[in-house]
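Here is how the chains run, residue by residue.
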Amino acid sequence: DKTVWQVPMAYRTNTSNRIYKTDIPGRTSVINKSKFDWIKFNAGELSFIRIDYPAQLLEKLHKPIKNKKLSPMDRLGIIRDAFALAESGDLPTTVALELCEFYVNENDYTVWVELISGLNSVDNFLYGQKCHNDFRKFARGILKNIIKYN
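Starting afresh in each chain, residues are numbered from 1 along the sequence in its written order. Since the coordinates come from a predicted model, pLDDT governs what is reported: local features require at least 70, and pairs of side-chain atoms require 80 or more to be given and counted, while whole-chain, interface and lining totals use all residues. For the side-chain quantities, the full set of heavy atoms in the structure was used; hydrogens and water were omitted.

## Details of the overall build of the protein chain
Move 1: To qualify as a helix, a DSSP run of H or I must reach at least 4 residues; to qualify as a strand, a run of E must reach at least 2; elements of each kind are numbered from the N terminus. A count of helical and extended segments in the protein chain gives six helices and three strands.
Move 2: Starting at the N terminus and ending at the C terminus, the protein chain contains elements arranged as β-β-β-α-α-α-α-α-α.
Move 3: Expressed as lengths along the three principal axes of its C-alpha atoms, the size of the protein chain is roughly 50 × 40 × 25 Å.
Move 4: Residues counted as buried form 37% of the 150 residues belonging to the protein chain.
Move 5: The contacts in the protein chain between residues at least 6 apart in sequence include a share of 54% that link residues at least 24 apart.
Move 6: Per-residue accessibility takes into account occlusion by the displayed protein chains alone, with areas from the Shrake-Rupley method and a 1.4 Å probe. With an accessible surface of roughly 9900 Å², the protein chain has 51% of that area assigned to carbon and sulfur atoms. Burial classes: relative accessible area under 20% of the type maximum marks a residue as buried, over 50% as exposed, and values in between as partly exposed (1.4 Å probe, protein chains only). Contacts are assigned to residue pairs with any non-hydrogen atoms lying within 4.5 Å of each other.

In structure tokens, the structure reads:
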């Protein structure tokens, strides 16, 4: 099947709180990157798509995630896509886990639900492995600000 679907795309950059909307008319589209420090694709999570950021673009989102410059929905979308891509084998799981470290001070319930869901999937996968206890220690560090352990 050689069908090419037109996909609606919204994005936001550090230069404005405005959400820009465009259609990707074919297999690719070009956005001039010299105008901004970071870009969040699928702003507002308006399209049913996964965003697989190149490492360089994902790294630029670390600070806006940590400083909550992105909406809760956008922070949720980034971590959800990272764990989904890791589960499918399209993103190293270590990248998704490293991304979690920028959510330590997260205060939005919906974002935490998504984060905990992703961590739980990794926990289930590692159960019985030598590294399981180390992973649980890592996860407790991520969750330390919202969960009190006895």
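## Considerations on the packing of helix H5 (residues 109-126) against helix H6 (residues 132-143)
Move 1: Geometry is summarised by axes, namely lines fitted to C-alpha atoms with helices restricted to the contacting stretch, and by angles between N-to-C directions that run from 0 to 180 degrees. Interaxial distance between H5 and H6 falls to 10 Å at its minimum, and their mutual angle equals 170°. Here H5 is positioned roughly antiparallel relative to H6, judged by the angle of their axes. Contacts from Trp112, Leu115, Ile116, Leu119, Val122, Asp123 and Leu126 in H5 reach His132, Phe135, Arg136, Phe138, Ala139, Ile142 and Leu143 in H6.
Move 2: Amino acids outside the nonpolar list (Ala, Val, Leu, Ile, Met, Phe, Trp, Tyr, Cys, Pro) and the charged list (Asp, Glu, Lys, Arg) are all regarded as polar, and Gly is one of them. Partitioned by chemical class, the residues of the contact of H5 with H6 number eleven nonpolar, one polar and two charged. Any angle that is under 35 degrees is reported as roughly parallel, and any over 145 degrees as roughly antiparallel; angles of 65 to 115 degrees are reported as roughly perpendicular and all others as oblique.

## Points about the nonpolar core
Move 1: Throughout, nonpolar core names a set of buried Ala, Val, Leu, Ile, Met, Phe, Trp, Tyr and Cys residues whose side chains join them through atoms within 4.5 Å. Counting residues in each nonpolar core, the largest one holds 37 residues, and the members touching the most others are Ile78, Phe83, Leu99, Tyr103, Leu115, Leu119 and Ile142.
Move 2: Among the secondary structure elements, those contributing two or more residues to this core are strand E1 (7-13), strand E3 (39-41), helix H3 (72-88), helix H4 (93-100), H5 and H6.
Move 3: Counting residues per element, this core draws most heavily on H3, which supplies seven residues.
Move 4: Not counting residues up to four positions away in its chain, the partners in contact with Ile142 are Cys100, Glu101, Val104, Trp112, Leu115 and Leu119.

## Observations regarding H4
Move 1: Burial in H4 covers these residues: Ala96, Leu97, Leu99 and Cys100. Across the axial projection of H4, the buried residues extend over an arc of 155°, all falling on one side.
Move 2: Taken together, the buried residues of H4 touch helix H1 (55-60), helix H2 (62-66), H3, H5 and H6. Arc definition: directions from the helix axis to the C-beta atoms.

## Quick notes on the side chain of Asn42
Move 1: With respect to the element layout, Asn42 can be found in the loop between E3 and H1.
Move 2: Looking at Asn42, the relative accessible area reads 0%, which means it is buried.
Move 3: Of note is the side chain of Asn42, whose polar atom sits 3.1 Å from the backbone nitrogen of Leu46.
Move 4: Sequence-distant contacts of Asn42, that is, excluding residues within four places in its chain, are made with Met9, Ala10, Ser47, Ile49, Ile51 and Asp74. Think of a polar contact as two N or O atoms within 3.5 Å of one another; within protein, one of them needs to be a possible hydrogen donor and the other a possible acceptor, and neighboring residues in sequence only count if both atoms come from side chains.

Note that all results are geometric; they support no functional claim without further evidence.
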